Amino acid sequence: MIEQRILMEIPSSKNDIVTILVFSFASFFGNFGVCVTGMGMALLFLFVYSIADFIGIMNDDECGEMIRKCDVKQAIFLQSVALTTTMPILLWKSRDDIKMYTNKKLLLAFIPATIIGTPIGNFLQDKIRSEIILIMVGVMITLFCCFQLL
């Protein structure tokens, strides 16, 4: 019985494997980007996701049986999980730089904004259509790329 349950959890279809590979590559690319630049993990993750979505890999019909939703909301959730798992390593590796370059005024602005913005974002995620989120992400990626080029 246990062996049968374990076998049922292994990705069985090509669509499941492709979906897992896209999310894994997006996590790797996002983590690589945050290690190089120090920011932009979500933008790089969603950049890879957006390319896969544009190609047609991430449609809910093509998603597979194991992962039933491939929309942008699921991608944002998986990106936050990927960031949460790598954050302790990043903080440990950069602890000396953090102590040296900490900007307390900036922290005083970002910590309350994060505490307030997270529940608002969670509430709005259920109310806003995925297409609108994709447009907003596209604009943010474009602005981020332009800012990096300057």
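Remember, it's a predicted structure, so these values are computed and weren't measured experimentally.

Before going further, it helps to examine the overall build of the protein. Counting its regular elements, the protein contains 7 helices and 0 strands. Each helix (α) and strand (β) of the protein, taken in turn from the N terminus, gives the series α-α-α-α-α-α-α. Long-range pairs, those at least 24 residues apart, make up 67% of the contacts in the protein between residues at least 6 apart in sequence. Of the accessible surface of the protein, which amounts to about 11200 Å², a share of 70% is contributed by carbon and sulfur atoms.

We now examine the confidence of the model for the protein. Scored by pLDDT, the protein comes out at a mean of 76, with 82% of its residues at no less than 70. When the elements of the protein are averaged for pLDDT, helix H1 (residues 2-9) gives the smallest value, 48, and helix H3 (residues 41-55) the largest, 83. Predicted confidence is poor over residues 3-7, with pLDDT under 50, and the contacts of this stretch with residues over four places away or in other chains come to 0 contacts.

Moving on: the packing of H3 against helix H4 (residues 72-93). Across the interface, H3 lies against H4 with an axial gap of 10 Å and an inter-helix angle of 135°. Taken together, the axis directions place H3 and H4 in an arrangement best described as oblique. The element H3 and its partner H4 pack so that their crossing is right-handed. Together, Met-41, Ala-42, Phe-45, Leu-46 and Tyr-49 of H3 and Val-72, Ala-75, Ile-76, Leu-78, Gln-79, Ala-82 and Leu-83 of H4 make up the contact between the two elements. Residue composition of the contact of H3 with H4, grouped by class: 11 nonpolar, 1 polar and no charged.

Looking now at the packing of aromatic side chains. Counted according to the given criterion, the structure contains 4 aromatic pairs. Judged by centre distance (6.4 Å) and plane angle (10°), the rings of Phe-23 and Phe-45 are stacked. Note that Phe-23 is positioned in helix H2 (residues 14-37) and Phe-45 in helix H3, a separation of 22 residues in sequence. Classification of Phe-23 by relative accessible area gives buried; the value is 6%.

Now for the side chain of Asn-31. In this fold, Asn-31 is placed in helix H2. Asn-31 sits in the buried class, given a relative accessible area of 17%. Each residue touching Asn-31, except ones within four places of it in the same chain, is listed here: Met-41, Ala-82 and Thr-86.

Take the nonpolar core next. By size, the foremost hydrophobic cluster in this structure holds 17 residues, and its most contacted members are Phe-23, Phe-45, Leu-46, Tyr-49, Met-58 and Ala-75. Mapped by element, the contributors of at least two residues to this core are H2, H3, H4 and helix H7 (130-149). Considering each element in turn, this core owes the most residues, 6 residues, to H3. Setting aside chain neighbours within four positions, we find Phe-45 in contact with Phe-23, Ala-26, Ser-27, Gly-30, Ala-75, Leu-78 and Gln-79.

Nonpolar side chains collect at one region of the surface, where Leu-107, Ile-111, Ile-115, Ile-116, Ile-120, Phe-123 and Leu-124 lie side by side and expose about 680 Å² of accessible area between them. The topology assignment puts Leu-107 in helix H6 (residues 104-127).

Rules behind the numbers
Residues numbered from 1 in each chain as written. Predicted model: local features only at pLDDT ≥ 70, side-chain atom pairs only at ≥ 80, totals over all residues. Heavy atoms only, no water. Helix = DSSP H or I, 4+ residues; strand = E, 2+ residues; numbered from the N terminus. Contact = heavy atoms within 4.5 Å. Areas by Shrake-Rupley, 256 points an atom, 1.4 Å probe, with all protein chains shown as cover. pLDDT = per-residue confidence, 0-100. Axes fitted to C-alpha atoms, helices over the stretch in contact; angles between N-to-C directions. Parallel < 35°, antiparallel > 145°, perpendicular 65-115°, else oblique. Left-handed = near helix turned anticlockwise from the far one by under 90°. Nonpolar A, V, L, I, M, F, W, Y, C, P; charged D, E, K, R; others polar. Phe/Tyr/Trp six-rings, centres within 6.5 Å; stacked < 30°, edge-to-face > 60°. Buried < 20%, exposed > 50% of the residue type's maximum accessible area, 1.4 Å probe, protein only. Core = buried A, V, L, I, M, F, W, Y, C linked by side-chain atoms within 4.5 Å. Patch = residues over 30% accessible without salt bridge, like charges linked within 9 Å, V, L, I, M, F, W, Y side chains within 5 Å. Salt bridge = Lys/Arg side-chain N within 4 Å of Asp/Glu carboxyl O.

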